[in-house]
Each structure stands twice: as C-alpha cells, then as structure tokens.
Amino acid sequence: MSVLAMDMPSAADQPVVEAIDLTVGYRGARGRPAEVLKGVNATLKSGQFAFLLGPNGAGKSTLLRTLVGSQRSLAGRVLLDGHDLARLSARERAQRLSVVLTDRVDVGLMSVRALVGLGRAPHVGWMSRMDDEDRRTIEWALTAAGAQPLAHRQVIELSDGERQRVMIARALAQRPSILVLDEPTAFLDLTRRVELTALLRRLVDETGLAILMSTHDLELALRTGDQIWLVHGDSSFETGCPEDLAHSGAIARAYAGRGISFDHEAGTFVVTAGNDGPKIAIDGDGQAAHWASRAALRAGCVPVRDGGECRWGLSVDAADGAVRWRLDGRGRTRSGTGFETLVDELRAASAHAD
Amino acid sequence: MTAVAAGVIARERPLRLVICFAAFVALAVFGFLILIARGTVYIPIAEVAQIIFGGEGSREVHRVIVMDARLPKAITAVLAGAALGVGGALMQTLFRNPLADPYVLGVSSGAVLGAAIVILGTGSAGWLSGLTIVRQIGVTGAAVAGAALVLMLALAFARRVGNPTTVLIVGVMFGFLSGAMVDVLVYYADPERLQGLASFTRGTVRDVSWYDLQVVAPSCLVVIVVSIILAKPMNILLLGDNYAATMGIKVRPIQFVALAMVAVLAGVITAYCGGIGFIGLCAPHLVRGFLRDSDHFVVLPGSAIVGAVLVLFAEYVAGGNGLTNATLPLNSVTAFVGAPVVLWILMRRRREAGQVPT
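Residues numbered from 1 in each chain as written. Chains lettered and ligands numbered in written order. Predicted model: local features only at pLDDT ≥ 70, side-chain atom pairs only at ≥ 80, totals over all residues.

Asker: Lay out the overall build of chain A in plain terms, naming residues and giving numbers.
Answerer: Along the backbone of chain A there are 11 helices and 17 strands. Considering only C-alpha atoms, chain A reaches an extent of 85 × 50 × 35 Å along its principal axes. Counting the 354 residues in chain A, one finds 42% classified as buried. Sequence separation of 24 or more characterises 65% of the internal contacts of chain A that already satisfy a separation of 6 or more. (Helix = DSSP H or I, 4+ residues; strand = E, 2+ residues; numbered from the N terminus. Buried ≥ 20, exposed ≤ 12 C-beta atoms within 10 Å, placed from the backbone. Contact = placed C-beta atoms within 7 Å.)

Take a look at the structure:
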C-alpha cells in the first residue's frame, strides 16, 4: 500500500470530465461570438493522465479555461463528475476540480503549510476552522506533491520548481476528482520537468486522480500520457491514445511547419535541413553511430545505415571515450577525432555535393 | 480551557501571536487612557477617573472637558484608526499592492471633493441650508460617493498598469486632481461656507461630537466586522483572482463588498475627521512584520488595533498634551511614521522592481 493511497476521490473508470460538442471562444463586443475551437468531444476517466497538446495560439488555454469554468462555453456542455459544470456553484466546482495555473503567486508572508491549507477553502466554513480530517489531508497533499520537506519554509523563499510543487500540493488539498495544470513545466529545467511529470504519473496511478495537463513537451507527453487531447491550428480537435495519434500523423499535422518534421523514432520534432544533401553510409556501432548520424543530419547530409550505393562512407569508432572517424569519398580519405571536426568536414562535403 | 488551548493549536497560532496581540491591546488601552488623562488643561488623574465614572469633578468645566472633548476625541481616534487600518489591509490585498491605502491612492481626496461639492455647491441654492441633519447626511453621502468613484478609477488603472509604484503615482495624481477641483470650488464659493470645509483638509479627530459619533461609530463598527468576516476570501485572493475563482470564491461579489466597505469608511472618516494619512498604509505592514504572517484572520483584527494605537498616539503628540503648547495637524505626525514605512517597502521591493504581480 502506497503512502499516497488515501481514500479514492472517485470510483475507478468513472468519467470525471466529459466535453460534449463543446465550442469555446469569446463573445465579442456586440455579442458576436469568436470561435476558437469547435466540436470538442472528449472524456477523461479517473486514473487517467491526459495531455493537452497543440501549437501556440491554437486555443489550449481557452479550452482549459472553459473546462475549469473560468470562461463560459459558446455551445455544448461540460460534465464534471456527471454534473453540468455551468450549474455547479463556485464552491461545488472547487470541491471536484482544482487547477494549477502559470500565474506567479505573491502571497507575502505565508508558510508553505498555510498556503497548502488554503486548498481546504472549499471544504471549510467562513472561519476556516479545520478539523483533524482537514489537517490529515494537508499533510497527505504535502507528501503526495513531494513538498513535505518544504512545509515550514516561507513561500517567498522557494525556487520556481519548489513553488510549483507547493501549488500542486495546494491543488491536491482541495481533494479534487480532477487536477488541471496549465503548462506547469514551462519555467522548469529539463530534469525538473521529467521529475514533475513522473510525480503526476504516480499520483494518477496510485490515487485514481484524473489529470489534464497542457504542455509543449511533446516527447514527455507521448511517453507518459494515457490520452492526448490535440488542438489543431484550424480550430479542430481530436483525442486518442498517444501512439494512435503519432502513427496516424495527426501530431505531425498539428505542428506542421517549414523546416521541421516529426521524427517517429525520437517521438519529437526535428529540424530538417533539406533532404537534398549527399547520402552518407554510416558504419559503426551503438551510440557513436547514433550521434554520427545526428551530426550528419545537422551538417545537411542524409545519413544511411548500411547503404551500399553512397558516394560517401563514414565509419566511426569509439575507443577510450574519444570518437575517431574516417570519411571516404571522391577518392579521398579524411580522418579525425571528435564530432566537431567531423561536422566541419561533412559541411564541406555537402557544400560540394551538387 | 482545554477547548481554547486546542483551538490555538488547531490554528497553529504560535506564542508570538498571543504576545503581539496582548501588546497591541495594552498599547491601545494605554493610548486611550493617556488621551483622556492629559491635555492642554491640567486635570488630576484621580479627578479624571472620578468624572469618567459619573462624578462631578471639582469644576464644571473639567467635567465638560473630559466628557465632551477628550472622551469623544479618544473614541473617535480608536474608531477611525481601526477602520483605516482594516481598510488599508483590504485595499492592499484587493489591489495586490503593498502601498495601497485610502489616503495614498487618493480615495480620501475623492471624499473631500464629494463633500466640498455639497458644502460649497449648495450655497446659493440653499436647499440644504438650515437642515443640519439632512446636510450632515448629504455631506457624508457625497464623501462616500467621492471615495467610491476614486476607488473604481484607481482599480481600473491598477488592473491596467499592475506595477505597484506606478499605481502609487496614479493615486497621487488623483489626489492632486481632486485637490485642484476643490481649490476651484473654493475660489468661486461663498466665503461663509469655507469654514465648513476647513476641517476636511486638515485631518483631525478633535471636532467629532457625541452627536457625530452616532453616525461614525456604527459605520466604523459595521465596516470592521464585515471586513473580518471577509478574512477567508481575502486570504484566497492573495493567490490572485484567477486562482481564487477556482477555489470556490465568487471573486467579483467579494471584491465589490470589500471595496464598498473601503468607500464607506473612507467617506465617513473623511466627512467627520478629514483625510488622515498613512494609518491604512502602516498598520497592516506593522502587523505583518511583527506577526510574520499575511493571514487575514490575524492581519485584519491586528490592523484594527494597531491603527487605533497609531491614531491615539499621533493625536497625543499632535494635540494639546500639556507638554507643549503647539497643536500640529494630525497628518504631520502620521507622516513621520508613514513616510519611512513607504520607503522601507520600496527598498525591500527593489529586487522585484518592474516585475508585475498579476
């Protein structure tokens, strides 16, 4: 039994959030609606982790604001635990759904534990008097978000990453069925992003919480999510499991742009430096060969594994930590150590490729 | 006894809180007593006590001084200080600005302008002249309306510019603008009516009679009680409007009620005591500094008590205290405490300069 497993927020496999024919957008000055997204149909069940992906300006934030009730929908409905979101009071909504925003919080002099305690607001009376249950929930939330060691610190002293954890703990203290996070990894460095995503994944698995999180970390989302909610630039929306959307090319379409392409192997977008460079047959093993082909791509060449018909041949060999390379072509052989010299040589080769 | 102890532990209130509150209350009581006991006319303390508890005193004039001058003055100082302290705490949270305060943001100036329009503008028309009660309520109502108007304008500006220091400048400009309009009104006004306006711009608790207290006391008490009831939503508003909306708070209605409270207290206090500066700014910061906590459940009551303490002692220093013959405007004394606090806040926020809290 994990320390995270408190009582389950809701029974497993229950739909927690349902968007039904939802149209999101803004009402203009004369009541003329400006639609941002149309035909949003999606269901998130308890114990599921969904990532909201899409290019900037496609309407991710608008959709999130509508789903958490901060903004009215133009058409369609949102069901939260089976209740129409628009009919729930602010308090009833906050008991079922909590949110972590990108807003920077400036609370003045407040301890982490007191800030997390504010998460009990929808459950306590006007005096904010807490019983043992409330206090247990606060400690549980601190532990679950990995913020227990910070409990006695002042909020203003925290780093961005620590503050993010504390805001997640505060959201968990609301004991929601669903946690919605708006780009929580935006200000974090790479390792903190991976840590945070892993922490949320564990929460989903061990407590049956549902999480919807918007992000630009495509690779992390495809590896971690149970579902991808994908917003296209043309105001359409689709949802599915990560592999389906990646395989069908939907993700590549959503982010389509000049000079980039979706690399299925890496699960992310890569820069395409034009595919008309010279083909280079790469010979070598393991990591050295992998990074040699990345170096070739960067230099504007097209790496080919075990290709016999190439005019250029590159062999790499990692010995004693240093990478030695040999490039054959046009009747000449060049060799060197380290990828930096290799890239220079490949650039020269691709420049004379014609 | 155990229930009380459990309550204290339950809220995780440390010893520091108990000691600070005890000190605040002790200072307020001391300030109240010293304001009654000392004044330009020397009256022995024993005689003051005797008069307070219903005695006649040695001379009739002593009884009048204590009962009709010093007592209402001290009560007004407590009420005005408490209301201004609470109002400052509310405004600092609503504006998300540590420098917000009814006086600094020009709310008091707006109240003076409202009052001036009624006092000076009704001169020739005369529909209010002679009707003291109607006039009094008219002046107070106009002051509240003027305060509310400036509050709304200042809030609109604060939402746009965000930067606390800029908001401060905007507030000062509102103050100048209102002041200029009052000057224009004065220039064209009937000289006889100017007397009624003189006290507004000075800021004093000396001119409030028992009769006036019938309006001042209930309004201040209502404002203080309602504000303390707002402690929970105010705590959540510390996280910002967007977060508050997702934590079960009806943001707009709460903001409306809180701003209405500030408008009422600034309007009423300005109508009866004139603009008293810096109390609303300092009291909450002193409380947060001493308690090391921004929790409104302690900041709001704490600001009320500390606000009262500040006005009591400022009045003792400014008014006839038997030590010097001079009487100073209240604001020149409060500025001695207030201006350094403003500078201290600005220095402390230097690192975050230019960063807009949203």
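Asker: Just give me the short version of the overall build of chain B, but keep the residues and values in it.
Answerer: Within chain B one finds 15 helices and 0 strands. Each of the 358 residues in chain B was classed as buried or not, and the buried ones make up 47%.

Asker: Go over the confidence of the model for chain B with me, naming the residues and quoting the values.
Answerer: Do not read the predicted coordinates in detail wherever pLDDT is low. Residues and elements named next belong to chain B. Here chain B shows a mean pLDDT of 83. Residues at 70 or above account for 85%. Here residues 124–129 is modelled with pLDDT under 50, and outside its nearest four sequence neighbours on either side it reaches 6 contacts, counting other chains as well. A low-confidence stretch, residues 351–358 stays under pLDDT 50, and its non-local contacts, those more than four residues away or across chains, total 10 contacts. Across the predicted assembly, pTM comes out at 0.85 and ipTM at 0.84. (pLDDT = per-residue confidence, 0-100.)

Asker: A description of the interface of chain B and chain A should follow, citing residues and the corresponding values.
Answerer: The interface is formed by 24 residues belonging to chain B together with 23 residues belonging to chain A. Going through the elements one at a time, α10 (231–237) and α11 (241–245) of chain B are the ones with two or more residues in the side of chain B that touches chain A. Of the residues in the side of chain B that touches chain A, the class split is 11 nonpolar, 7 polar and 6 charged. (Nonpolar A, V, L, I, M, F, W, Y, C, P; charged D, E, K, R; others polar.)

Asker: Before we move on, can you summarise the sheet that holds strand β15 (residues 312–319) of chain A with the specific residues and values?
Answerer: Residue and element names in this part refer to chain A. Taking strand neighbours across the sheet as the criterion, the 5 strands line up as β14-β13-β15-β16-β17 in an open arrangement whose pairing is mixed. Pairing within the sheet leaves two strands with one partner each, and these edge strands are β14 (302–305) and β17 (332–337). Between one strand and the next, the sheet's axes are offset by a mean angle of 25°, whatever the strand orientation. Of the pairings in the sheet, the one linking β15 to strand β16 (residues 322–329) comprises 8 bridges and is antiparallel in character. Considered in β16, the bridge of serine 315 is made with arginine 326. Contacts from helix α10 (residues 286–298) reach β13 (279–283), β14, β15 and β16 within the one sheet, and its direction differs from that of β15 by about 135°. (Pairing = 2+ DSSP bridges. Axes fitted to C-alpha atoms, helices over the stretch in contact; angles between N-to-C directions.)

Asker: Which residues make up the pairing of strand β2 (residues 33–45) of chain A, and what are the values?
Answerer: All names here are of chain A. Here strand β1 (residues 15–27) runs beside β2; their pairing, made up of 9 bridges, is antiparallel. Bridge pairing in β2 links glycine 25 to glutamate 35. Linkage of β1 to β2, two consecutive antiparallel strands, is achieved through a turn of 5 residues, within which glycine 31 is found at a positive phi near 75°.

Asker: An account of unusual backbone geometry is needed here, citing residue identities and associated values.
Answerer: Phi at serine 235 of chain A is positive, roughly 60°, even though this residue is not glycine. Its place among the elements puts serine 235 of chain A in the loop between β9 (227–231) and β10 (237–240). By the C-beta count within 10 Å, which is 17 here, serine 235 of chain A ends up partly exposed. For phenylalanine 278 of chain B, which is not a glycine, the phi torsion comes out positive at approximately 75°. Among the residues examined, phenylalanine 278 of chain B registers 26 C-beta atoms within 10 Å and is labelled buried.

Asker: Explain the domain arrangement of chain A to me, using residue names and the numbers behind them.
Answerer: By domain assignment, chain A separates into domain 1 (15–107 + 168–259) and domain 2 (279–351). Distance between the C-alpha centres of domain 1 of chain A and domain 2 of chain A: 43 Å. (Domains from an automatic or database assignment.)

Asker: Give a detailed account of the environment of proline 191 of chain B, specifying residues and quantitative values.
Answerer: Residue placement: proline 191 of chain B occurs in helix α8 (residues 191–202). When the C-alpha atoms of proline 191 of chain B and phenylalanine 336 of chain B are compared, they prove to be 33 Å apart, with 145 residues separating the residues in sequence.

Asker: Any details on helix α1 (residues 60–67) of chain A? Residues and values, ideally.
Answerer: Since the α-helix packs 3.6 residues into each turn, any two residues three or four apart lie on the same face. Residues and elements named next belong to chain A. By the criterion of burial, α1 is predominantly enclosed, with 8 of the 8 residues buried. Taken residue by residue, α1 has Lys60, Ser61, Thr62, Leu63, Leu64, Arg65, Thr66 and Leu67 as its buried positions. Remark: glycine 69 follows α1 within two positions and exhibits a positive phi of approximately 85°.

Asker: A description of the nonpolar core should follow, citing residues and the corresponding values.
Answerer: Ranked by size, the top nonpolar core spans 182 residues in total, and within it Ile211 of chain A together with Ala83, Val262 and Leu312 of chain B carry the most contacts. Residues in contact with leucine 312 of chain B, not counting those within four places in the same chain, are Ala28, Gly31, Phe32, Leu35, Ala74, Ala77, Val78 and Gly81 of chain B. (Core = buried A, V, L, I, M, F, W, Y, C linked by C-beta atoms within 7 Å.)

Asker: Please give an account of the sheet that holds β2 of chain A that cites residues and values.
Answerer: All names here are of chain A. Reading across the sheet, the 4 strands line up as β2-β1-β4-β5 and stay open at both edges, with antiparallel pairing between neighbours. At either margin of the open sheet sits one strand with a lone partner, and together these are β2 and β5 (83–84). Helix-sheet contacts for α1 involve β1, β2 and β4 (75–80), and the interaxial angle to β1 is about 120°.

Asker: Provide a residue-level description of the pairing of β15 of chain A, including the pertinent values.
Answerer: If a strand is regular, its side chains alternate between the two faces of the sheet. Residue and element names in this part refer to chain A. By the bridge criterion, 4 bridges tie β13 to β15 in an arrangement that is parallel. Across the sheet, the residue bridging to isoleucine 280 is tryptophan 312, located in β15. Counting the residues that bridge the hairpin from β15 to β16 gives 2 residues, and of these aspartate 320 lies at a positive phi of roughly 55°.

Asker: How would you explain the packing of helix α9 (residues 210–229) of chain B against helix α12 (residues 251–273) of chain B if you had to name every residue and give the values?
Answerer: Residue and element names in this part refer to chain B. At a minimum axis separation of 10 Å, α9 and α12 run at an interaxial angle of 155°. The orientation of α9 relative to α12 falls into the category roughly antiparallel. Handedness of the crossing formed by α9 with α12: left-handed. Within the contact between the two elements, α9 uses Asp212, Val215, Val216, Ser219, Cys220, Val223, Val226 and Ser227 and α12 uses Met261, Val264, Leu265, Val268 and Tyr272. Classifying every residue of the contact of α9 with α12 gives 10 nonpolar, 2 polar and 1 charged. (Parallel < 35°, antiparallel > 145°, perpendicular 65-115°, else oblique. Left-handed = near helix turned anticlockwise from the far one by under 90°.)

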